[in-house]
Amino acid sequence: MLKKMAVIRWLVVALLLVFRIQEVRSGADHKYKEKEEVPIYANKVGPFHNPSETYRFFDLPFCLPDHLKEKPEALGEVLNGDRLVSAPYKLPFMVEKESETVCRKKLTKQEVLKFRSAVAKDYYFQMYYDDLPFWGFLGKVEKDKNDPSEERFYLFKHLHFEILYNKDRVIEINAKADPNAVVDLTEDKEVEVEFMYTVRWKETNIPFENRMEKYSQSSSQPHHLEIHWFSIINSCVTVLLLTGFLATILMRVLKNDFVKYAHDEEAADDQEETGWKYIHGDVFRYPKYKSLFAAALGSGTQLFSLALFIFGLALVGVFYPYNRGALFTALVVIYALTSGIAGYTAASFYHQLEGTNWVRNLLLTGCLFCGPLFLTFCFLNTVAIAYTATAALPFGTIVVIVLIWSLVTSPLLVLGGIAGKNSKAEFQAPVRTTKYPREIPPLPWYRKTIPQMAMAGFLPFSAIYIELYYIFASVWGHRIYTIYSILFIVFIILLIVTAFITVALTYFQLAAEDHEWWWRSFLCGGSTGVFIYGYCLYYYYERSDMSGFMQTSFFFGYMACICYGFFLMLGMIGFRAALFFVRHIYRSIKCE
């Protein structure tokens, strides 16, 4: 136990050190003297409603800076689609400018077409000034005054920068386009354009430490914080009351069962047994495909560990708004470091189930989640390359990920598997298993696997339904999610409800003398992942304005992987709860 605690402590310290190095490396604590150059980088452009479809800033024919250079990016920043390059603007500290010319360009017909297409698709740009992000739109679309059925496309050519400072530090930056300084791009002809910018500096009392709070306040949560809290509490109370109600009924039924079985034992030993006691000789019979079952448990345990570490980092403030790439870095690093947990859990459980081919079991464990994720990534990365989008990972980044998988994930998986194989743990079955399985009696349709999964997934999904919108609006939109405490509470409620509903359905299954509960409990626990994917369909078509093949494939592709991960994790939770319950009830009665 002490060794496990030491490993966990080391893992947390290592992660915090990685993020601290990344934060220092970013230069976010720089102080500046008057007229000193402050780093400004252009990041990307893309359709506002398609957050995954972003392109390099200079894919559009903007003015090029005198010395174009790319900013080195960390792994998480590249995975986030950031491609920072030096911007054409110069904003020295405390230096105001009035209608400064960036460049004069004669846009060709092809360049006019590019800009017009971007304006028509509501393109926005993103830049970073002293590691502070800011955004703006490229242009606007208006109805033609002479013909309202026709539209005219205008490109903004004059940006106004307003920068707030506190002593020698930059606190805030805003960029607004002058709506009157525009270039008409409606016709296919060459256009002369002069790009300009104005800079204004204002003093503020906001301390440097609080400069990121502006981005937290721009999210949807704080504006409706009381409503949000009320909705979550209302949802949690409703679910907990329903859970408590079902728990009370289940406990009363179990108590009656124990009394009945005890009375039957005293009355007549040869009396025919009925209900869940009747199948005591089959309930601990090992499931079919036990290697796959153990691999699913191992992968689910690893993903559960990953979720706990991510929540831990979130609650200590690592994922503050626009700590670029921190979440992706954490996901890659923690997943690699927790692969030993998957190997140990799978091999140990497979050993308990008297499995012999542990090499195949480890291969299954390593590929069960990574395999579908890898295939999905290959397809979506090919789509991104075809679109020349920033979501396409560079070859160097792919090599780094492959090296992490080869040098960290795989060895830890094997080491964990060896430790699990050599563990002396035995499967704890309170009753003996008979040599031949009993025949399962005919069951009504609503006791089949699919209807049971539907019932099992609905209640946990209802517990997280309200929070899903905020999460989706953050991941697949431009909102910022900052209230991780609410999310953690909802996550705990999700685990509790999943465990309980799986236990309840397992009891009803055993009471119907169906002893094949192993896979059923896993599938029922994980069925919430199917409901979440169903919500994806609703969100895409009803709550978002996403469109296009690339955005659609990215949304449904990566959400399929996420929901599959939820399926494995919650399936593990459901089975563990059901196993604990089944052991408890059969330990409480006398079975000959």
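Residues numbered from 1 in each chain as written. Predicted model: local features only at pLDDT ≥ 70, side-chain atom pairs only at ≥ 80, totals over all residues. Heavy atoms only, no water.

**Quick word on the overall build of the protein**
Thought 1: Of the regular secondary structure elements, the protein holds 15 helices and 12 strands.
Thought 2: Here the protein, with 592 residues, has 51% of them falling under the buried criterion.
Thought 3: A sequence separation of at least 24 residues applies to 79% of the contacts in the protein between residues at least 6 apart.
Thought 4: Within the structure as shown, the protein displays about 29700 Å² of accessible surface, and the carbon and sulfur contribution to it stands at 62%. (Helix = DSSP H or I, 4+ residues; strand = E, 2+ residues; numbered from the N terminus. Buried < 20%, exposed > 50% of the residue type's maximum accessible area, 1.4 Å probe, protein only. Contact = heavy atoms within 4.5 Å. Areas by Shrake-Rupley, 256 points an atom, 1.4 Å probe, with all protein chains shown as cover.)

**Some thoughts on the pattern of salt bridges**
Side-chain pairs of opposite charge can arise where the charged atoms are in close proximity.
Thought 1: Within the structure shown, the criterion is met by 16 salt bridges.
Thought 2: For glutamate 70, the salt bridge is made with arginine 56, and the minimal N-O distance between the two is 3.5 Å. Taken as a pair, glutamate 70 in the loop between β2 (55–56) and α2 (75–79) and arginine 56 in strand β2 lie far apart in primary sequence, 14 residues in all.
Thought 3: Close ionic contact of lysine 106 with glutamate 190 constitutes a salt bridge, the shortest N to O distance being 3.4 Å. Note that lysine 106 is positioned in strand β4 (residues 97–107) and glutamate 190 in the loop between β11 (182–184) and β12 (191–203), a separation of 84 residues in sequence.
Thought 4: What you see here is one network of salt bridges that share partners, running through Asp282, Arg285 and Arg438. (Salt bridge = Lys/Arg side-chain N within 4 Å of Asp/Glu carboxyl O.)

**What to know about the sheet that holds strand β8 (residues 151–156)**
Thought 1: Ordered in space as β7-β8-β11, the three strands form an open sheet in which the pairing is antiparallel. Both outer strands of the open sheet, β7 (139–143) and β11, are each paired with one neighbouring strand and no more. Adjacent strand axes in the sheet meet at a mean angle of 30° when their direction is disregarded.
Thought 2: Summarising the sheet, β8 and β11 pair through three bridges and their orientation is antiparallel. (Pairing = 2+ DSSP bridges. Axes fitted to C-alpha atoms, helices over the stretch in contact; angles between N-to-C directions.)

**A look at the state of the cysteines**
Thought 1: What the rule picks out here adds up to one disulfide.
Thought 2: Bridging cysteine 63 to cysteine 103, the disulfide has an S-S length of 1.7 Å. Taking the torsion about the S-S bond as the criterion, the cysteine 63 to cysteine 103 disulfide, at about -65°, is left-handed. Residue cysteine 63 is found in the loop between β2 and α2, and its partner cysteine 103 is found in strand β4; the two are separated by 40 residues along the sequence. (Disulfide = S-S within 2.5 Å.)

**What about the nonpolar core?**
Thought 1: By size, the foremost hydrophobic cluster in this structure holds 96 residues, and its most contacted members are Phe555 and Tyr586.
Thought 2: When neighbours within four sequence positions are excluded, tyrosine 586 is seen to be in contact with Trp276, Lys277, Ile279, His280, Val283, Phe284, Pro430, Val431 and Leu510.
Thought 3: If you look at the next biggest cluster of nonpolar residues, it comprises 54 residues, including Val38, Ala42, Phe58 and Phe161. (Core = buried A, V, L, I, M, F, W, Y, C linked by side-chain atoms within 4.5 Å.)

**So, the environment of leucine 313**
Thought 1: Here leucine 313 is to be found in helix α7 (residues 290–315).
Thought 2: Remark: the alpha-carbon pair of leucine 313 and alanine 330, spanning 17 residues in sequence, is separated by 8.6 Å.

**A closer look at the sheet that holds strand β10 (residues 169–177)**
Strands in a sheet are paired, the pairing made by backbone hydrogen bonds, and the direction either parallel or antiparallel.
Thought 1: If you trace the four strands from one edge of the open sheet to the other, you get β4-β12-β9-β10, paired in mixed fashion. Each end of this open sheet is capped by a strand with a single partner; those strands are β4 and β10. Here the average twist between neighbouring strands, direction ignored, is 20°.
Thought 2: Bridge count for strand β9 (residues 158–166) against β10 is eight bridges, and the pairing is antiparallel. Bridge pairing in β10 places leucine 159 opposite alanine 177.

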